[in-house]
Amino acid sequence: MPLWTIHHTPGLFSAEDKQTLAARITDQYVRAGLPRFYVVTLFHETAPEDFYVGGEPTAAGIRIVIDHIARRAADPQHRRRITEWINQILIPSLQIPDLHWEFHVDETSEEMWMINGLVPPPGGSEAEKRWARENAVSAY
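Residues numbered from 1 in each chain as written. Predicted model: local features only at pLDDT ≥ 70, side-chain atom pairs only at ≥ 80, totals over all residues. Heavy atoms only, no water.

Points about the overall build of the chain
Along the chain, the regular secondary structure elements total three helices and six strands. When the helices and strands of the chain are listed from N to C terminus, the series reads β-α-β-β-β-β-α-β-α. Once the C-alpha set of the chain is aligned to its principal axes, its extents read approximately 50 × 35 × 25 Å. Counting only residues that meet the buried cut, the chain has 36% of its 140 residues in that class. Here the contacts in the chain between residues at least 6 apart in sequence split such that 71% fall between residues at least 24 apart. Carbon and sulfur atoms make up 52% of the accessible area of the chain, which amounts to about 8,000 Å² in all. Side-chain charges in the chain split into 13 positive and 19 negative, and the spacing between the mean points of these groups amounts to 10 Å. (Helix = DSSP H or I, 4+ residues; strand = E, 2+ residues; numbered from the N terminus. Buried < 20%, exposed > 50% of the residue type's maximum accessible area, 1.4 Å probe, protein only. Contact = heavy atoms within 4.5 Å. Areas by Shrake-Rupley, 256 points an atom, 1.4 Å probe, with all protein chains shown as cover. Lys, Arg positive; Asp, Glu negative; His and termini not counted. Charge placed at Lys NZ, Arg CZ, Asp CG, Glu CD.)

So, a nonpolar patch on the surface
A surface patch of nonpolar side chains, amounting to about 330 Å² of accessible area, comprises M114, V119 and Y140. Along the chain, Y140 falls in the segment after α3 (126-134). (Patch = residues over 30% accessible without salt bridge, like charges linked within 9 Å, V, L, I, M, F, W, Y side chains within 5 Å. Salt bridge = Lys/Arg side-chain N within 4 Å of Asp/Glu carboxyl O.)

Let's talk about the packing of aromatic side chains
Enumeration according to the criterion identifies eight aromatic pairs in this entry. By the ring-pair criterion, three or more aromatic residues cluster together here, those being F37, Y38, W113, W131 and Y140. (Phe/Tyr/Trp six-rings, centres within 6.5 Å; stacked < 30°, edge-to-face > 60°.)

Overview of the sheet that holds strand β6 (residues 100-107)
Taken in spatial order, the four strands make up an open sheet running β2-β1-β5-β6, and their pairing is mixed. Each edge of the sheet is formed by a strand with only one pairing partner; in this case those strands are β2 (40-45) and β6. Averaged over all pairs of adjacent strands, the angle between strand axes in this sheet comes to 15 degrees, irrespective of strand direction. Here strand β5 (residues 61-68) runs beside β6; their pairing, made up of eight bridges, is parallel. Across the sheet, I64 pairs through a bridge with F103, a residue of β6. On top of the sheet, helix α1 (residues 15-31) reaches β1 (3-8), β2 and β5; it is set at about 155 degrees to β1, its chief contact. Lying on the sheet, helix α2 (residues 76-90) is in contact with β1, β5 and β6; it crosses β6 at an angle near 140 degrees. (Pairing = 2+ DSSP bridges. Axes fitted to C-alpha atoms, helices over the stretch in contact; angles between N-to-C directions.)

Side note on the environment of P48
Here P48 shows up in the loop between β2 and β3 (52-53). C-alpha of P48 to C-alpha of A59: the two residues are eleven residues apart in sequence and 5.2 Å apart in space. P48 has contacts with T9, P10, P57, T58 and A59, leaving out every residue within four places of it along the chain.

Remarks on α2
For α2, with 15 residues, the first-to-last C-alpha span of 21 Å sits near the 21 Å given by 1.5 Å per residue. All of the buried residues in α2 are I82, I86, I89 and L90. Down the axis of α2, the smallest arc covering the buried residues is 90 degrees, so these residues share one side. With respect to the buried face of α2, the exposed residues turned more than 90 degrees away are P76, R80, R81 and Q88. Sitting at the head of α2, D75 places a side-chain oxygen 3.1 Å from the backbone nitrogen of Q77. (Expected span 1.5 Å × (residues − 1). Arc of directions from axis to C-beta. Polar contact = N/O pair within 3.5 Å; in protein donor to acceptor, adjacent residues only side chain to side chain.)

A closer look at the nonpolar core
Counting 29 residues, the largest nonpolar core has W4, I25, I62, I64 and L90 as its most contacted members. Elements with a contribution of two residues or more to this core: β1, α1, β5 and α2. Broken down by element, this core gets its largest block of residues, four residues, from α2. Discounting residues that sit within four places of it in the chain, I25 has contacts with W4, I6, V39, T41 and I89. (Core = buried A, V, L, I, M, F, W, Y, C linked by side-chain atoms within 4.5 Å.)

So, to be careful, I would describe these as geometric facts and stop short of saying anything about function.
Set out below in structure tokens:
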């Protein structure tokens, strides 16, 4: 389950921009084999007087926190590929003058995760593939 929490100053994203970015994020994870409903994207508008970079309020800023649970990176090279992959997802949406933006990824143990009260099936298993096909949680 990737959870993308996007903190941003006002006026950077329209409702259509948010939908486009959330769809682009989701589509990339679906291409990697995850069920579509695993991907959650949250947008949190933060006033400039509440968004500080280097101790100063930021007029145009985005801070993205990404939690990866369903999969984990195996080694430093894989982690670097993931950050480059995320960068490519973001760049089309972040062509905004004078914008400060950054992201980081946390990897959480899949043992600490449930959906609708169920432990998700192992990655790549037939049960997970069924969840992806049906786009729904079900007992397995």
